[in-house]
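# Examination of the molecular architecture
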Amino acid sequence: MRPGILLAVWVVVCLSLVVAQEQQVPLGHGKRRRSGQRRAKKVTSGQAAKQGRQTARNGDAGAAISFNSYKNVNEQESNYNVIPGRSGQCKYMGITMFDKAVWSPKPCVTCLCSEGSVVCDEVSCPGLRCQVSYTPIGECCPVCADTGLEDPDFSGEVPLSNDPSDPSEPWVFRTPAEIEEILRQEAEEHREEEERLRRRDEERRKRRRRKEKEAAKRKEKERLQAEAEEEERLLREEAEAAEERKRRQEEHRRQEEERMRSMENEQKLMMKVLREAAERAAERAAAEKLRDEVESPDEEIVWLRGDVFQMPPLEETTDGPTLIPLVNEPTEPAEPPNEEREEEEEEEEEREEVGEEVGEEVGGVDGTRPVVQIITQDVPKGCTISDVIINCENGKLTAIPPLSIPELKSLNLEGNEITTIPAGAFYGIPNLEWINFSKNKITSQNIDPQAFKSLKFLSRLYMDGNLLEQIPAGLPSTLQELKINDNNLREIKENSFKGMSSLITLELEDNMLSESNVEPQAFAPLTGLSYLRLGHNFFRTIPQGLPPFLLELHLESNKIEEITEGAFNNTHNLNVVVLRHNKIDETRIAPLAWINHKTLESIDLSHNNLYMVPSFLPKALVHLVLVGNQIERIPGYVFAHMEQGLEYLYLSYNRLDGEGIEPEAFLGCLHSMTELCLDHNQLTDIPIGVNEMTSLHFLRLNDNRIRNIAEDAICDPLNEDDSHLVAVRLENNLLDLRKIPNTAFSCVRSYSSVVLKPQHLK
């Protein structure tokens with residue numbers, strides 16, 4: 001009995017130790033989190049094993065289920081996991097299992113399909129009391145390497161060390177509460193690390209957004225600055241254009257005034273000559289009359305007549321032939337007293353000064369005086385008359401005044417409030433040659449198509465500054481000059497100039513014209529046109545159908561971007577082309593656009609988008625203006641193909657520097673260049689070839705960055721011919737005047753014409 005009792009006691013003690021070992025799970029250094037995660041599972045599994053039941057949760061139905069372990073309680077305890085399945089069958093990792101099926105998805109794990117739920121049993125290894133252990137092949141749990149080496153004082157807790165490889169550091173045993181605290185601290189540190197990383201990412205995003213905002217602000221500022229500069233440039237160009245237009249109008253007005261004065265002087269001179277001729281004719285007639293009274297008393301006297309003057313007819317009286325006075329002219333006495341005659345002469349002079357009446361008295365037979373005068377009427381208020389000209393400028397007229405002066409040649413109605421030109425406006429003045437309707441308020445609808453029909457001699461018509469939208473209909477075929485600047489012209493039809501083959505000058509500046517509203521054959525009837533002005537419009541290309549005998553074409557201040565190959569094919573006599581203030585660059589000029597034009601001598605391409613002097617310029621070119629571009633380079637041989645040689649080259653206000661002018665740049669014009677303007681650039685030296693220009697008169701190099709002048713840079717000491725150089729300008733450079741050689745300007749005719757001051761010394 002005693003051995004059996006001892007054996008039973010020993011079995012009970014072993015079971016107690018096994019339960020205690022399973023409740024205290026060993027932890028190793030570096031495995032705290034994983035062991036802590038498994039701790040709850042193992043403790044729960046151990047408790048369920050003592051009770052003989054295991055609790056799991058069905059993932060599909062969400063209800064807890066209980067089952068009896070199919071292992072013996074005395075065996076190693078398990079940890080169960082429930083995987084959802086369907087009733088009767090189970091699905092595990094995509095595989096359908098039948099009810100009560102058992103399988104092992106991985107070593108040391110056994111699963112059971114129980115009524116649609118998967119129940120898995122994981123083997124939990126007990127703690128060992130040995131220092132050296134290993135896992136046999138085919139087993140799940142380690143065993144002691146030497147079963148005889150056991151520690152009787154082993155308590156079931158695994159010693160932990162901060163560094164297990166360091167034998168000098170003492171081992172520390174952790175309780176489950178401490179392990180949970182360590183895990184909590186590690187989780188907190190993990191959260192803090194994640195928060196720190198999140199804050200760092202947020203800071204990066206903020207910095208990136210701040211940089212993006214700063215970049216956007218900088219771009220917006222640059223855009224606004226560019227827009228402001230562009231607007232300022234446009235305003236400056238508009239101001240320059242307005243100033244140029246004002247200057248042109250003023251010059252034109254001055255020319256017109258000079259022409260009017262010249263015409264007046266010519267008229268006065270003609271009148272004087274006619275008076276003298278009338279006097280001589282009257283004297284001859286009187287002498288012939290006295291002589292013929294005996295021979296042929298019935299013969300009439302022949303009087304001198306002209307375009308303006310007319311002589312009175314004769315009337316037979318008892319005393320002989322006498323003069324019949326003109327209409328509204330009383331018969332004068334034979335010999336008026338001297339006082340009355342003097343008063344009449346004074347009145348006659350006064351009438352001539354105010355332009356009301358022009359006449360002349362010449363002596364006749366028996367004291368009668370035939371009168372030479374112009375039939376006139378009262379001049380409208382605000383107008384003045386002088387010879388054959390009526391001037392109503394700024395006379396506050398609202399309509400064309402009714403006039404009946406057949407001898408009238410010129411009518412100036414500029415600066416009034418006239419809105420209409422009716423059909424019979426010029427019936428009383430059919431001999432008009434010049435009409436000025438500038439600066440009124442005339443519209444196209446208020447011009448009668450028959451208004452100009454009676455004017456058979458009209459050669460000049462000015463209608464600047466009105467409200468016209470179309471070319472007036474019914475213009476006389478005798479017109480030689482037509483000006484419709486500064487209006488609202490929006491179209492030119494094919495028949496707008498029908499029958500106007502005599503027109504020489506046509507000005508249509510400051511309107512709304514473009515290639516879209518000017519028909520290609522609009523200028524075809526103008527076979528005699530020589531001067532065409534289309535500046536300040538909206539053309540993007542050269543207009544089509546230009547007249548064949550055109551001499552000058554002005555297209556400044558448009559939006560022209562290119563010059564096509566056939567732009568000037570039909571204009572065989574073209575001599576001057578003005579294209580300043582457009583948007584042309586050298587790449588948009590076709591090579592054959594004008595190179596073979598035999599008469600094109602002057603081209604103005606100022607204020608465009610040129611970055612180099614264009615190639616393929618006309619062979620006959622003499623005058624080239626390239627002011628105000630962005631030219632940085634003059635290619636070699638660019639002028640070499642010109643037949644006569646370039647004489648005038650203006651390259652002021654560009655970006656030429658010391659390397660932009662190639663050594664062969666001026667070949668072809670060394671013996672023809674007369675004026676060379678390179679001021680307001682970035683030149684550092686005198687360009688090569690200047691000293692070889694034998695015909696050069698004027699040289700402008702001011703406002704550059706020239707520091708030195710070589711002895712032979714301007715004047716060639718080997719050239720023994722007389723120099724034509726008249727003026728040289730070199731002010732506003734970086735010259736040290738003391739270092740300029742004495743013979744640098746030896747070829748200039750006068751040293752006083754060399755401008756060297758001031759300089760910008762640095």
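Everything numeric in this text was worked out from a predicted model, so none of it was measured.

## Points about the overall build of the protein chain
- Each helix and strand in the protein chain was counted, giving four helices and 31 strands.
- A total of 762 residues make up the protein chain; the buried ones form 39% of that total.
- When contacts within the protein chain are restricted to residue pairs at least 6 apart in sequence, long-range pairs at least 24 apart make up 53% of them.
- Total accessible area on the protein chain stands at roughly 44,100 Å², and carbon and sulfur atoms take up 50% of it.

## Points about a positive patch on the surface
- Residues R200, R204, K206, R207, R210 and K211 make up a contiguous surface patch of positive charge.
- Structurally, the position occupied by R210 is in helix α3 (residues 176-295).
- According to the relative accessible area criterion, R210 is partly exposed, its value standing at 43%.

## Some points on the packing of aromatic side chains
- As enumerated under the stated definition, the model contains five aromatic pairs in all.
- Residues F426 and F452 carry aromatic rings whose centres are separated by 5.7 Å and whose planes lie at 25° to one another, so their mutual orientation is stacked. Of this pair, F426 sits in the loop between β17 (410-412) and β18 (434-436) while F452 sits in the loop between β18 and β19 (460-462), and the two are 26 residues apart along the sequence.
- Aromatic pair F568 and W594: ring centres 5.9 Å apart, planes at 15°, arrangement stacked. Within this pair, whereas F568 is found in the loop between β23 (552-554) and β24 (576-578), its partner W594 is found in the loop between β24 and β25 (602-604), the two being separated by 26 residues in sequence.
- Residue W594 is classed as buried on the basis of its relative accessible area, which comes to 1%.
- Among the aromatic side chains, those forming a connected cluster through ring pairs are F426, F437 and F452.
- Geometry around Y462 places K483 over its ring, the cationic atom sitting 4.4 Å from the centre.

## Concerning the state of the cysteines
- Across all of its chains, the model carries four disulfides by this definition.
- Each disulfide pairs two cysteine sulfurs, and for C111 the partner residue is C120, the sulfurs being separated by 2.0 Å. Of note, the bridge from C111 to C120 carries an S-S torsion of about 100° and is right-handed in sense. Of the two residues, C111 and C120, both sit in the buried class.
- Between the sulfur of C383 and that of C392 lies a disulfide, 1.9 Å long from S to S. Linking C383 and C392, the disulfide has an S-S dihedral of approximately 115° and is accordingly described as right-handed. Both residues of the pair, C383 and C392, belong to the buried class.

## Structural notes on the nonpolar core
- Formed by 115 residues in total, the largest nonpolar core has its most connected members in F426, W594, F639, F666, L730 and F745.
- Counting residues in each nonpolar core, the second largest holds nine residues, with Y92, W103, C113 and V118 among its members.

## Looking at the side chain of D510
- Tracing the sequence through the fold places D510 in the loop between β21 (505-507) and β22 (531-533).
- Among residues more than four places away in sequence, those in contact with D510 are R245, R248, D486, N487, G535, H536 and N537.

## Remarks on the pattern of salt bridges
- Taken as a whole, this structure holds 25 salt bridges when the rule is applied.
- A salt bridge links E181 to R184; the shortest N-O distance between them is 2.3 Å. Of this pair, E181 and R184 both sit in helix α3, three residues apart, which is roughly one turn of the helix.
- Take E181: its relative accessible area is 33%, and that puts it in the partly exposed class.
- Looking at R184, the relative accessible area reads 45%, which means it is partly exposed.
- The partner of R209 in a salt bridge is E202, with the nearest N and O atoms 3.6 Å apart.
- Judged by relative accessible area, R209 falls into the partly exposed class, the value being 37%.

## Some remarks on the environment of S459
- Along the polypeptide, S459 turns up in the loop between β18 and β19.
- On the basis of relative accessible area, S459 is assigned to the buried category, the value being 18%.
- Sequence spacing of S459 and S502 is 43 residues, and the spatial spacing of their C-alpha atoms is 8.9 Å.
- When near neighbours in sequence (up to four residues on either side) are disregarded, S459 contacts E433, T478, L479, Q480 and E481.

## Brief notes about a nonpolar patch on the surface
- On the surface, L7, W10, V11 and L15 cluster together into a nonpolar patch covering about 410 Å² of accessible area.
- Residue position: L15 is located in helix α1 (residues 2-23).
- You can call L15 partly exposed: its relative accessible area is 39%.

## Section: the environment of F98
- Residue position: F98 is located in strand β5 (residues 95-98).
- Residue classification places F98 among the exposed residues on the basis of a relative accessible area of 60%.
- Each C-alpha atom, one on F98 and one on C113, is 6.8 Å from the other, the two residues being 15 residues apart in sequence.
- Excluding anything up to four places from it in sequence, F98 contacts G88, Q89 and C113.

## Points about the confidence of the model for the protein chain
- Of all residues in the protein chain, 73% attain a pLDDT of 70 or more, and the chain-wide mean is 76.
- This model gives residues 24-86 a pLDDT under 50, and the stretch forms 116 contacts once residues within four places in sequence are excluded.
- This model gives residues 350-376 a pLDDT under 50, and the stretch forms 81 contacts once residues within four places in sequence are excluded.

The rules behind each value
Residues numbered from 1 in each chain as written. Predicted model: local features only at pLDDT ≥ 70, side-chain atom pairs only at ≥ 80, totals over all residues. Heavy atoms only, no water. Helix = DSSP H or I, 4+ residues; strand = E, 2+ residues; numbered from the N terminus. Buried < 20%, exposed > 50% of the residue type's maximum accessible area, 1.4 Å probe, protein only. Contact = heavy atoms within 4.5 Å. Areas by Shrake-Rupley, 256 points an atom, 1.4 Å probe, with all protein chains shown as cover. Patch = residues over 30% accessible without salt bridge, like charges linked within 9 Å, V, L, I, M, F, W, Y side chains within 5 Å. Salt bridge = Lys/Arg side-chain N within 4 Å of Asp/Glu carboxyl O. Lys, Arg positive; Asp, Glu negative; His and termini not counted. Charge placed at Lys NZ, Arg CZ, Asp CG, Glu CD. Phe/Tyr/Trp six-rings, centres within 6.5 Å; stacked < 30°, edge-to-face > 60°. Lys NZ or Arg CZ within 6 Å of the ring centre and 35° of its normal. Disulfide = S-S within 2.5 Å. Core = buried A, V, L, I, M, F, W, Y, C linked by side-chain atoms within 4.5 Å. pLDDT = per-residue confidence, 0-100.

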